[in-house]
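Structural description and commentary
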Amino acid sequence: MKNNEQEPVGNKEDKYVECGEHQSMRRAFVCQHLNNKTVVGFEEPFESVENMELDDEEDFQAWCFECEKVRQIEGEWNDRSEAFAKIKLICEKCFFEMKQLNLGHK
Ligand SMILES: [Zn+2]
Ligand SMILES: [Zn+2]
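Residues numbered from 1 in each chain as written. Chains lettered and ligands numbered in written order. Predicted model: local features only at pLDDT ≥ 70, side-chain atom pairs only at ≥ 80, totals over all residues.

**Topic: helix α1 (residues 65–74)**
Every buried residue belonging to α1 is among Cys67, Val70 and Arg71, and all of these are buried. Axial view of α1: buried residues confined to an arc of 100°, hence all on one face. With respect to the buried face of α1, the exposed residues turned more than 90 degrees away are Gln72 and Ile73. Where α1 is buried, its residues contact α2 (79–85). (Buried ≥ 20, exposed ≤ 12 C-beta atoms within 10 Å, placed from the backbone. Helix = DSSP H or I, 4+ residues; strand = E, 2+ residues; numbered from the N terminus. Arc of directions from axis to C-beta. Contact = placed C-beta atoms within 7 Å.)

If you want it as structure tokens, here you go:
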């Protein structure tokens, strides 16, 4: 008997993103200010580790110090803080490159 190892896809595929630099990786969300050249801060809703397991409803997320300031003034993510952050979609690898840069590892 042949065992078909393919998992049912469902919306799991939506969790992956094609990155210009990396192969298809899990998606991550960061504010428009985060990049892999300049240190701008790295605020996360939860401590992330590369290759960690994520719940279906979880995604890697991060934003910079400026966005954190706005978020604290607003008290939450709302139209104003989100408009400031302009969250963009990147891949998991890029996310951790930015994290390492901002936290001064490597
Ligand atoms: Zn920002
Ligand atoms: Zn990437």
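**A look at the pairing of strand β2 (residues 25–30)**
Bridging between strand β1 (residues 16–17) and β2 involves two bridges; their strand directions are antiparallel. Looking across to β2, one finds that Val17 is bridged to Met25. As paired strands, β2 and strand β4 (residues 88–91) are joined by four bridges and run antiparallel to one another. Paired with Val30 across the bridge in β4 is Lys88. Looking at chain direction, β2 and strand β3 (residues 60–62) are connected through three bridges and run parallel. Looking at the pairing, Ala28 lines up with Phe60 of β3. (Pairing = 2+ DSSP bridges.)

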